[in-house]
Amino acid sequence: MQHEAHAAHAHHEMAAASTWAMAIRATLHCLTGCAIGEVLGMVIGTALGWSTVPTLILAIALAFFFGYALTLRGVLKAGVDLRAALKVALAADTLSIAVMELVDNGVIVLWPGAMDAELADPLFWWVLAIALTVAFVLTAPVNKWMIGRGKGHAVVHQYHH
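Residues numbered from 1 in each chain as written. Predicted model: local features only at pLDDT ≥ 70, side-chain atom pairs only at ≥ 80, totals over all residues. Heavy atoms only, no water.

Asks: Mind laying out the overall build of the chain, listing which residues take part and the relevant values?
Replies: Check the secondary structure of the chain and you find six helices and zero strands. Mapped in sequence order, the helices and strands of the chain form the string α-α-α-α-α-α. Here the chain, with 161 residues, has 37% of them falling under the buried criterion. A fraction of 72% describes how many contacts in the chain between residues 6 or more apart in sequence connect residues 24 or more apart. (Helix = DSSP H or I, 4+ residues; strand = E, 2+ residues; numbered from the N terminus. Buried < 20%, exposed > 50% of the residue type's maximum accessible area, 1.4 Å probe, protein only. Contact = heavy atoms within 4.5 Å.)

Asks: Describe the packing of aromatic side chains, listing the residues and the values that go with them.
Replies: The full count for this structure, using the stated rule, is three aromatic pairs. Aromatic pair phenylalanine 65 and phenylalanine 66: ring centres 5.1 Å apart, planes at 85°, arrangement edge-to-face. (Phe/Tyr/Trp six-rings, centres within 6.5 Å; stacked < 30°, edge-to-face > 60°.)

Asks: Tell me about the packing of helix H3 (residues 52-77) against helix H4 (residues 82-110), and name the residues and values.
Replies: Two quantities define a packed helix pair, namely the angle between the axes and the distance from one axis to the other. Running from amino to carboxyl end, H3 crosses H4 at an angle of 145°, the nearest separation of the two axes being 8 Å. Between H3 and H4 the crossing geometry is right-handed. (Axes fitted to C-alpha atoms, helices over the stretch in contact; angles between N-to-C directions. Left-handed = near helix turned anticlockwise from the far one by under 90°.)

Asks: Lay out helix H5 (residues 122-148) in plain terms, naming residues and giving numbers.
Replies: Across its 27 residues, H5 extends 39 Å between first and last C-alpha, which sits within 8% of the 39 Å expected from 1.5 Å per residue. Maximal helix bending in H5 amounts to about 30°, located at threonine 139; proline proline 141 follows within four positions. Backbone nitrogen of leucine 123 and a side-chain oxygen of the N-cap are separated by 2.9 Å at the start of H5; the cap is aspartate 121. (Expected span 1.5 Å × (residues − 1). Bend = angle between axes of the 7 residues up to and from the residue. Polar contact = N/O pair within 3.5 Å; in protein donor to acceptor, adjacent residues only side chain to side chain.)

Asks: How would you explain H3 if you had to name every residue and give the values?
Replies: Residue pairs three or four apart in sequence face the same way in an α-helix, which turns once every 3.6 residues. With 26 residues, H3 extends 37 Å between its outermost C-alpha atoms, agreeing within 8% with the 38 Å of an ideal straight helix rising 1.5 Å per residue. Taken together, the buried positions of H3 are Thr55, Leu56, Ala59, Leu62, Ala63, Gly67, Tyr68, Thr71, Leu72 and Val75. In the stretch just after H3, glycine 79 is the one whose phi turns positive, near 95°.

Asks: Account for the confidence of the model for the chain, with residues named and values stated.
Replies: The share of residues in the chain with pLDDT of 70 or more is 83%, and the mean pLDDT across the chain is 84. Confidence drops under pLDDT 50 across residues 1-16; counting only partners more than four residues distant or on other chains, this segment forms six contacts. (pLDDT = per-residue confidence, 0-100.)

Asks: An account of the packing of helix H2 (residues 20-47) against H4 is requested, with residue identities and associated values reported.
Replies: At a closest axis distance of 10 Å, the pairing of H2 and H4 adopts a crossing angle of 55°. With respect to their mutual orientation, H2 and H4 come out oblique. Of the two elements, H2 crosses H4, and the hand of that crossing is right-handed. Contacts from Thr27, His29, Cys30, Leu31, Cys34 and Glu38 in H2 reach Asp93, Ser96, Ile97, Met100, Glu101, Asp104, Asn105 and Ile108 in H4. Of the residues belonging to the contact of H2 with H4, the class tally is six nonpolar, four polar and four charged. (Parallel < 35°, antiparallel > 145°, perpendicular 65-115°, else oblique. Nonpolar A, V, L, I, M, F, W, Y, C, P; charged D, E, K, R; others polar.)

Asks: Got a sec to walk through the nonpolar core? Specific residues and values, please.
Replies: Here is a general trend for soluble globular proteins: nonpolar side chains tend to be buried in one another's company. Counting 30 residues, the largest nonpolar core has Cys34, Met100 and Ile108 as the members making the most contacts within it. Among the elements of the structure, H2, H3, H4 and H5 are those that each provide at least two residues to this core. (Core = buried A, V, L, I, M, F, W, Y, C linked by side-chain atoms within 4.5 Å.)

Asks: Tell me about the environment of leucine 56, residues and numbers included.
Replies: Looking at where leucine 56 falls in the secondary structure, it is placed in helix H3. For leucine 56, a relative accessible area of 15% translates into the label buried. Between the C-alpha atoms of leucine 56 and asparagine 105, which are 49 residues apart in sequence, the distance is 8.2 Å. Excluding residues that lie within four positions of it along the chain, leucine 56 makes contacts with Met42, Asn105, Val109 and Met115.

Asks: An account of the environment of leucine 128 is requested, with residue identities and associated values reported.
Replies: Here leucine 128 shows up in helix H5. Separated by 24 residues in sequence, leucine 128 and aspartate 104 have C-alpha atoms that sit 7.7 Å apart. Residue contacts for leucine 128: discarding those within four places in its chain leaves Glu38, Val39 and Ile108.

Here you go:
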């Protein structure tokens, strides 16, 4: 019974710690991994002469990879073993990255001419910047909601102390 009371108290403290500042930090973290992966995927796909769909798939896969990798780096640095760190990263980042990828790729796909823009075309970079900004704005409330429930980056946060 005492353990249950402690768990409830810990969850209450975690929920109380859910601030917009925490959500913004978590979303910036997500944005960083997504941006690295997306740009690298677009560069690789374009350099290899791939069509839109394979390039987009590569960019999304790399966005998830780099998003998870950034979280893994911090959790592993805290002394957590790789298996446990992978579980933390998957639990902390999956929804955030998925929302960010859905939104930013949705903006890119729906923007007239964006999917045909080459890396040297300013339209490519402008639309990518706008897409990531929109994704950030729409993902921050998701992260705040998750942190308030002791999920998402609230899980990662415990390894930073």
